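Chain and residue survey
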4 protein chains.
Amino acid sequence: MTPPKPLRTALIGAGRIGTHHANAIAHDLHTATLVAVVDPRTDAATTVAEQTGARPESETAAVLTDPQIDAVVITTPAALHRDLIIEAARAGKHIFTEKPITTELSEADECVAAAREADVILQVGFNRRFAPGFVAARAAVDDGRVGTPQLLRSLTRDPGPYGGDPARTPLWTIFLETLIHDFDTLRFLNPGSEVTEVTAHADALVRPDARDAGFLDTSVVHLRFDNGAFATAEASFSATYGYDVRGEVFGDGGMAVAGSGRTSDMEYYGPAGVSYDTSRADTDLLHGAYVAEFAAFVEASNGADVAIPTGEDGVKALEIARAAILSVQQSRTVALTEVAR
Amino acid sequence: MTPPKPLRTALIGAGRIGTHHANAIAHDLHTATLVAVVDPRTDAATTVAEQTGARPESETAAVLTDPQIDAVVITTPAALHRDLIIEAARAGKHIFTEKPITTELSEADECVAAAREADVILQVGFNRRFAPGFVAARAAVDDGRVGTPQLLRSLTRDPGPYGGDPARTPLWTIFLETLIHDFDTLRFLNPGSEVTEVTAHADALVRPDARDAGFLDTSVVHLRFDNGAFATAEASFSATYGYDVRGEVFGDGGMAVAGSGRTSDMEYYGPAGVSYDTSRADTDLLHGAYVAEFAAFVEASNGADVAIPTGEDGVKALEIARAAILSVQQSRTVALTEVAR
Amino acid sequence: MTPPKPLRTALIGAGRIGTHHANAIAHDLHTATLVAVVDPRTDAATTVAEQTGARPESETAAVLTDPQIDAVVITTPAALHRDLIIEAARAGKHIFTEKPITTELSEADECVAAAREADVILQVGFNRRFAPGFVAARAAVDDGRVGTPQLLRSLTRDPGPYGGDPARTPLWTIFLETLIHDFDTLRFLNPGSEVTEVTAHADALVRPDARDAGFLDTSVVHLRFDNGAFATAEASFSATYGYDVRGEVFGDGGMAVAGSGRTSDMEYYGPAGVSYDTSRADTDLLHGAYVAEFAAFVEASNGADVAIPTGEDGVKALEIARAAILSVQQSRTVALTEVAR
Amino acid sequence: MTPPKPLRTALIGAGRIGTHHANAIAHDLHTATLVAVVDPRTDAATTVAEQTGARPESETAAVLTDPQIDAVVITTPAALHRDLIIEAARAGKHIFTEKPITTELSEADECVAAAREADVILQVGFNRRFAPGFVAARAAVDDGRVGTPQLLRSLTRDPGPYGGDPARTPLWTIFLETLIHDFDTLRFLNPGSEVTEVTAHADALVRPDARDAGFLDTSVVHLRFDNGAFATAEASFSATYGYDVRGEVFGDGGMAVAGSGRTSDMEYYGPAGVSYDTSRADTDLLHGAYVAEFAAFVEASNGADVAIPTGEDGVKALEIARAAILSVQQSRTVALTEVAR
């Protein structure tokens, strides 16, 4: 039995996460090759291309029209996702896009339709579905040990101190870019159920000076699922102790808890007590999950029946994010059915 | 320096928790003696009295008029608290009452006023303030390591399977009896701040058959504090793995997490992986905290300046519980100022 | 059913551990009372007596001849144990002695004989048998989960920095006073088996300047049991992170690990990673175990059939310590049968 | 800056660990390619070759004479190591050999000399030096947090139930194949010091029926280092809970503990308490360490100055293993200087 040929991929968007992903595909994934790196910023494209042995490109068209390329990995700003996804689908390329699928629901629907019509894979970068702890938590749900989920929790806290620029951060980023992970995680840990209602609370506690400009850096969102389960999603832009990603699913059979920022199993005992190191970056803590999600993408692109977060999952998470935004705007609980296209 | 004479106490209410407390005072606390146990159910009073060397009484008046008794510990149903507290205060007895202080705010105010007028100690049984993990978490707030609290969590899950009788459970018990602990814990972990807003969600997920009768066994409550912090309180009446009490306070300096159901530091490694035992009962997991809260009560009664949860703390927690009930009734966020007396 | 009257005890030896024990008996144990505290240093006796409500005595005879005293707790230097135990036995008092039972085997045999002849309880202060983690580890042996023990480990590390005076420390203290705990623990975790062979290694690594005077502060001792199990006992006089007491028993069914210096279940997450506090003193970490061993002593003195470390257990541990000393002296493995009386 | 071309490697020995290593090099390491797989068992070579895209070979000469091959990875039985290493060195190939370097010291010396003369890299497969927990423990030694090591521990327990065939296991396998890892780990955690003395104890506790044939499956080895530190190495062929690899280094500054069989950070809370999964195989638990050691081998082969376990480290560990064997044979402590070539 000969294994399939490596999937020939092009990366579009040579920023921080794009650089990570390009290297992961080129160096840590034997089932794919990285053929090209696209970025209008020639320097960025060239740098990543040199790291990975790919060719630099400044135009997306150059990869979409290249028959030697099977798939694209989109790591541009979210505002560009819709056009790129639709064009890539029409060009017959399989598509891995970083989250969120898009920031507008109508555009997300278009993306899903385009991928379906072109019969290409459309996978969204919900990495936690591939992190071992979350995989094991889901397994504890699937095998019945958790029972019917009743109470769930998912949180994301970015490593602090926060060094971003609120003025350059799009409105609602905490929902569209950060909590979108948690909304997906909560669906992942409560499989077969969907969110019906959202009540969101948010403020600028890390950068209160930016509050008046609409910046939000801290949020707690309450979700209700159609199987009755309650869920809490929580985010902060600044955790002094590093990148913090955790999940909890409690049911009538038991509870599974996942997530730890530990970088190794070493514990140090000293005059100040016992301590262990925590991770400072997603590309560190979740590197293995990133590689695993690309491996699944390759398998799906090769026709295998593997579980991946699809475009539809991207839409579902975006619906929740949109409901959360509406909830904050109107200070009330919002039904998912209220979310407009 | 001679230590003060043991505080002479009477226990009122020889039920499950009263039995525990009577034994804790009689056997584990050298600064107090248990003189009498009051319960109209003569059998119950006698049983506990025999266990503890106290005298059984069927009438509260017998202890309130006894000049040889310095203090009372009230472990009756909450509906009786108001009258007992006011009578005890008027009789000049120091008062330790189990939570909640009362179930009605106006009555709670009366209790606080009565104790103040009589110049007696009025302490509410918020035991987590005395559990080592929660004490250490608060210390991490007080010494600045946590910084300004921004995100808090407190939860209570009773050991399952739930064996109670919904039909005999007063309405709103999950707020008035269970989450009242979490409301106090959240205030304890965010000292100097008060709750301004409450959004509560609740349902009967453990006993859905009792939902129509108004029974609620699962709840998630969102709180906002006046220092901007967001908090989540969570409760379930049935955790298969035992009694679960946890707290988390995250701030701009760091995070403190407290609470574990572990019964010892033993870990067993076997064919099914690694495991450790968890506690099945509050009187097991929190026995030390109960003894510590009585020790503090004795010290306070003897005039020492020790930190205890006061009647005022009882009122504050009850205000939150009442706001949570209103929030569930009206399916909306409720300001604490809306809570009627 | 009336509980027995409190056991009337006298403490002999008002040093550091004696002070702790006196307070534990007087304040934390409702089944015993502390009647007298004996120490030739009148100040010491008086201080402890005032703390506990006992009467101070300077002569042991005063308590041995007092018919109102049922039992003695011996916390003097080990060199005095033999005479005190024999006298107390002859006076018909039940006896709790701190470890080691004596430092000479022939004297230990005399003590056991005296207690047997007088039909009094003789219990040795092997506190770990009463620490919850070790109790649970033993339970995992007793219930078959560990299977037949094959590899065991026990260690004791005193909190550092070491502040003792090597010049005032008796020779072989690390074996007779420190590792004696581990020798007993290993027997406790391998019930029904006895040690056959000892190979000990020791040096002065904490205070190398005192090595030439025969001082030893660090040791590793290898034991062989008659069921084939291998065991390692380890000790250091100076652990920067606090008092460290751990045990491990590995068998053909699984492994149980006990012991942790944690002072609470709080974990702090900060810029330096995650940390938790450790205990600095045995009287802190093992306070509950001390109370539990006294409770068992009282029960045994009252005729109950409870498991306690007996004089015979004290002899067995001393045999191992003596073999370890011989092993160090002669740099070879020593059979337990070689240990001379 | 162009990265070096991938190192062209051939694997010699397509058994269990060879199969793992071939796949790791071919699939998880972008800095190397696997060109050939050698095994006289044609089926085995072909199977692994097909998995990895390499060419199968039945003769070692075919790869040693191939100028398109830069390096060999030796995973044959240890008895073949000496000849293969010397031949590969003479052929100018860089060499990665699984442990032990050889089973005879004189042969190990020859291997080191041959590699030195040919100026090729000779690395021994001491994988724990590349496992994150052990790396972090060593870092805590290097940065001074541990201080001067005084007490060390390293253990290896193979996953049970033991399914090997004692009759087909070479004598002393527990020392030469299993504990050799621990001997190296202890040197790794006490850098700059060397072992001076060995006292070994061993027996057949897992398979007592094979004891008379000289089979040994359980062992505890005591080591003394020239900086005074005491160390314990421990091994069992059968741990019911899976593959267990741990290390501990205690010094006058603090302690670092490494090693955990956890397969993820998920914890399950259920009716039987809390549990987590443990690893059942070295190729699972240590896969990342294997990849990391190959990455270091490639870098070293490319001339980089990276820390690797060298042939000399292989000799040192083998000296300790040989001393341990002599110690068991003669039931006494053996000085390392006694070990004959």
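Since this is a predicted model, take the numbers as computed values, not measurements. (Residues numbered from 1 in each chain as written. Chains lettered and ligands numbered in written order. Predicted model: local features only at pLDDT ≥ 70, side-chain atom pairs only at ≥ 80, totals over all residues. Heavy atoms only, no water.)

As for the packing of aromatic side chains
Rules: Think of it this way: a Phe, Tyr or Trp ring, Trp meaning its six-membered ring, pairs with another when their centres are within 6.5 Å, and the plane angle makes it stacked under 30 degrees, edge-to-face over 60, tilted otherwise. Here a helix means four or more residues in a row that DSSP labels H or I, a strand means two or more in a row labelled E, and each is numbered from the N terminus. When a residue's accessible area, from a 1.4 Å probe over protein chains only, is under 20% of the maximum for its type it is buried; when over 50% it is exposed; and in between it is partly exposed. Only when the NZ of Lys or the CZ of Arg is both within 6 Å of the ring centre and within 35 degrees of the ring normal is a charge said to sit over the ring.
Under the defined criterion, the tally for this structure stands at 32 aromatic pairs over all chains. Measuring from centroid to centroid gives 5.2 Å for Tyr269 of chain B and Tyr241 of chain D, while their planes differ by 65°, and the two rings are edge-to-face. Of this pair, Tyr269 of chain B sits in strand E13 (residues 267-270) while Tyr241 of chain D sits in the loop between strand E10 (230-239) and strand E11 (244-251), which puts the two residues in different chains. By the burial criterion, Tyr269 of chain B is buried, and Tyr241 of chain D matches it. An aromatic cluster is present here, built from Phe96, Phe294 and Phe297 of chain A joined pairwise through their rings. Arg262 of chain C extends its terminal NZ or CZ atom over the ring of Tyr276 of chain C, reaching a point 3.8 Å from the ring centre.

Description of the domain arrangement of chain A
All names here are of chain A. Selection criterion: Boundaries of every domain are those given by an automatic assignment or by a domain database. The contact rule is simple, with two residues in contact once any of their heavy atoms fall within 4.5 Å. As used here, buried area is the combined drop in accessible area, with a 1.4 Å probe, of two parts when they are placed together.
Taken as a whole, chain A is organised into domain 1 (7-127) and domain 2 (132-280 + 309-338). In this structure, domain 1 and domain 2 have C-alpha centres spaced 26 Å apart. Between domain 1 and domain 2, the contact holds 18 residues from the first and 16 residues from the second. When the two sides are added together, the surface that domain 1 and domain 2 hide from each other amounts to roughly 1400 Å², 66% of it contributed by carbon and sulfur. Sorting the residues of domain 1 by area buried against domain 2 places Lys99, Leu105 and Phe126 first, and these three jointly supply 42% of that buried surface.

A look at the sheet that holds strand E2 (residues 32-38) of chain D
Residues and elements named next belong to chain D. Definition in use: Any two strands with at least two DSSP-identified bridges between them are counted as paired. Only C-alpha atoms enter the line fits that serve as axes; for helices the fit covers just the stretch in contact. Angles between N-to-C directions range over 0 to 180 degrees.
Across the sheet, which stays open at both edges, the 6 strands sit in the order E3-E2-E1-E4-E5-E6 with parallel pairing between neighbours. In this open sheet, the two edge strands, each paired with only one partner strand, are strand E3 (55-57) and strand E6 (122-124). Between one strand and the next, the sheet's axes are offset by a mean angle of 25°, whatever the strand orientation. With 4 bridges joining them, strand E1 (residues 7-12) and strand E4 (residues 71-74) adopt parallel strand pairing. Within E4, the residue paired with Leu11 across the bridge is Val73. Packed onto the sheet, helix H9 (residues 287-301) meets E1, E2, E4, strand E5 (94-97) and E6 and runs at close to 160° relative to E5.

Regarding helix H7 (residues 173-189) of chain C
Since one α-helical turn is 3.6 residues long, residues separated by three or four positions face the same way. All names here are of chain C. So the rule is basically this: Multiply 1.5 Å by the residue count of a helix minus one, and that product is the helix's expected span. The quantity called bend is, for any residue, the angle between two axes fitted respectively to the seven residues ending at it and the seven beginning at it.
The end-to-end C-alpha distance of H7, which contains 17 residues, comes to 24 Å, matching closely the 24 Å that a straight helix rising 1.5 Å per residue would cover. Largest kink in H7: about 55°, centred on Leu179. Within H7, 16 of the 17 residues are buried, which leaves it mostly tucked inside the rest of the structure.

Let's talk about the pattern of salt bridges
Heads up, the rule is: Basic side-chain nitrogens of Lys or Arg form a salt bridge, by our definition, when they fall within 4 Å of a carboxyl oxygen of Asp or Glu.
Counted by the stated rule, this structure contains 124 salt bridges over all chains. Between Arg207 of chain C and Asp209 of chain C there is a salt bridge; the shortest N-O distance is 3.0 Å. Between Arg116 of chain D and Glu312 of chain D there is a salt bridge; the shortest N-O distance is 2.5 Å. Of the two residues, Arg116 of chain D sits in helix H5 (residues 105-118) while Glu312 of chain D sits in helix H10 (residues 311-330), which places them 196 residues apart along the sequence. Classification of Glu312 of chain D by relative accessible area gives partly exposed; the value is 36%.

Details of the relation of the copies chain C and chain D
The cut-off we apply is this: Copy-to-copy alignment: least squares on C-alpha atoms, limited to residues at pLDDT 70 or above in both.
Structural alignment of chain C on chain D gives an RMSD of 0.0 Å, achieved by rotating through 180° and translating 0.0 Å along the axis. In the structure described here, the two chain copies are related by an operation that fits a two-fold rotation axis. Among all residues of chain C, the minimum C-alpha distance to the rotation axis is found for Arg332 of chain C, at 3.4 Å. The residues that chain C uses at the interface reappear at the interface of chain D in 97% of cases, marking a shared surface.

Remarks on the relation of the copies chain D and chain B
Each copy superposes on the other: chain D lies on chain B with an RMSD of 0.0 Å after a rotation of 180° and an axial shift of 0.0 Å. Same-surface contact between copies: 100% of interface residues of chain D are shared with the interface of chain B.

Topic: the interface of chain C and chain D
Put simply, the rule is: Polar contact is the term for a pair of N or O atoms within 3.5 Å; when the atoms are in protein, one must be able to donate a hydrogen and the other to accept it, and sequence-neighboring residues count only if both atoms are side-chain atoms. The classification used treats Ala, Val, Leu, Ile, Met, Phe, Trp, Tyr, Cys and Pro as nonpolar, Asp, Glu, Lys and Arg as charged, and all other residues, Gly among them, as polar.
Between chain C and chain D, the residue contacts involve 36 residues of the former and 35 residues of the latter. Approximately 2700 Å² of surface area, both sides summed, lies buried where chain C meets chain D, with 60% of it carried by carbon and sulfur atoms. In this assembly, chain C and chain D are joined by 8 salt bridges. Between Arg153 of chain D and Glu248 of chain C there is a salt bridge; the shortest N-O distance is 3.1 Å. Counting across the chain C and chain D interface gives 12 residue pairs in polar contact (both at pLDDT 80 or more). Every element with two or more residues in the side of chain C that touches chain D is listed here: strand E7 (149-159), strand E8 (195-203), strand E9 (218-225), strand E10 (230-239) and strand E11 (244-251) of chain C. For the side of chain C that touches chain D, the element with the most residues is E10 of chain C, which contributes 7 residues. Class assignment for the residues of the side of chain C that touches chain D results in 13 nonpolar, 14 polar and 9 charged.

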